[in-house]
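# Working through the structure, step by step
Okay, here's what each chain looks like letter by letter:
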Amino acid sequence: MWPQPYGILLLTKIGALLVMGVLGAAYRRRLIAKTSEGRGAFWMIVCVELGFMGVASGVAAALARTAAPADAITLPQTTAAEILTDAPVPVALTLQRWFTAWSPDLLWVLVAGFGIVFYLVGVRRARRRGYPWPARRTISWIAGMGALSVDDQWADRSL
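Remember, it's a predicted structure, so these values are computed and weren't measured experimentally. (Residues numbered from 1 in each chain as written. Predicted model: local features only at pLDDT ≥ 70, side-chain atom pairs only at ≥ 80, totals over all residues. Heavy atoms only, no water.)

## Re the overall build of the protein
Which entries qualify depends on this criterion: Only runs of H or I of at least four residues qualify as helices and only runs of E of at least two qualify as strands under DSSP, and these elements are numbered from the N terminus. Should any heavy atoms of two residues lie within 4.5 Å, those residues are considered in contact. Here, Shrake-Rupley sampling with a 1.4 Å probe gives the accessible areas, and only protein chains in the shown set may cover a residue.
Counting its secondary structure elements, the protein contains six helices and zero strands. Along its sequence from the N terminus, the protein presents helices and strands in the succession α-α-α-α-α-α. Considering only residue pairs separated by 6 or more positions, the protein has 68% of its internal contacts joining residues 24 or more positions apart. Of the roughly 12,700 Å² that the protein leaves accessible, carbon and sulfur atoms contribute 68%.

## Thoughts on the packing of aromatic side chains
Selection rule: Ring pairs are drawn from Phe, Tyr and Trp, using the six-membered ring of Trp, whenever the two centres fall within 6.5 Å, and their geometry is named by plane angle: stacked under 30 degrees, edge-to-face over 60, tilted for the rest. The buried label goes to any residue with under 20% of its type's maximum accessible area, the exposed label to any with over 50%, and the partly exposed label to all in between, with areas taken from a 1.4 Å probe on protein chains only.
Under the definition given, this model contains three aromatic pairs. Geometrically, the ring pair formed by Y119 and W133 is edge-to-face, given 6.3 Å between the ring centres and 65° between the ring planes. Remark: W133 occurs in the loop between helix 5 (106-128) and helix 6 (135-157) and Y119 occurs in helix 5; sequence separation between them is 14 residues. Given the relative accessible area of 18%, Y119 is considered buried. Centre to centre, the rings of Y119 and W141 are 4.9 Å apart; their planes meet at 10°, and the pair counts as stacked. Pair noted here: Y119 is in helix 5 and W141 is in helix 6, with a separation of 22 residues, a long-range link. Assessed through its relative accessible area of 33%, W141 is described here as partly exposed.

## Regarding the confidence of the model for the protein
Formally: On a scale of 0 to 100, pLDDT captures the predictor's confidence in every residue.
Here the protein shows a mean pLDDT of 79. Residues at 70 or above account for 79%. Per-element confidence in the protein ranges from a low mean pLDDT of 76 for helix 4 (residues 95-100) to a high of 92 for helix 5. Scored below 50 in pLDDT, residues 155-159 shows seven contacts in the model against residues more than four places distant or in partner chains.

## A word on a positive patch on the surface
Rule in force here: Two joining distances apply to patches: 9 Å for like charges and 5 Å for nonpolar side chains (Val, Leu, Ile, Met, Phe, Trp, Tyr), and every residue must have over 30% relative accessible area and no salt bridge. The term salt bridge refers to a side-chain nitrogen of Lys or Arg lying within 4 Å of a carboxyl oxygen of Asp or Glu. The charged-residue count follows a simple rule in which Lys and Arg add positive charge and Asp and Glu add negative charge, with His and chain termini not counted at all. Lys charges are placed at NZ, Arg charges at CZ, Asp charges at CG and Glu charges at CD.
Side chains of R124, R125, R128 and R129 sit close together on the surface and give a patch of like positive charge. Looking at where R129 falls in the secondary structure, it is placed in the loop between helix 5 and helix 6. The exposure class assigned to R129 is exposed, which follows from its relative accessible area of 64%.

## Describing helix 5
Formally: One fewer than the residue count of a helix, multiplied by 1.5 Å, yields its expected span.
With 23 residues, helix 5 should reach 33 Å at 1.5 Å per residue; the first-to-last C-alpha distance of 33 Å fits that figure. Where helix 5 terminates, the next one or two residues include G130, which has phi positive at roughly 95°.

## Comments concerning the side chain of T138
Here T138 lies in helix 6. Looking at T138, the relative accessible area reads 11%, which means it is buried. Setting aside residues up to four positions removed in sequence, T138 forms contacts with Y119, L120, V123 and W133.

## Some remarks on the environment of M53
As for its position among the elements, M53 is in helix 2 (residues 39-65). Along the sequence, M53 and M20 sit 33 residues apart, while their C-alpha atoms lie 7.3 Å from each other.

What follows is the structure, encoded as structure tokens:
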């Protein structure tokens, strides 16, 4: 029995990603040392890796358009909210869950984290150059970034 088209595409993508991982490991071990001898080897390695990246991206696009195997089980969605959001309805909000039910959005946590780090680096540079920088501005910035990362959290709880 031959695999279905979806399985073939999935195995091709897995193989391309594994080859990219092996190429990355080879970079670190020996290929970067050899590229100092000449630029041709470096660009050959770059082209090969870009080729496998293209294969992985193309197969990912094909997987998105290929129907999953027929034996996949889909759970019935019973409420309008579950049908519209394609997610289960959250449990009832209690006083305890206000403080324990956290599902932060990773994107906004990263944006806020990088914003805080870069701001603190800037404050440090300004102080080294002799520019006074009030602590209340730094505290306000950190509080604003914290509010940015939890804003979406509070919106989700009102459902």
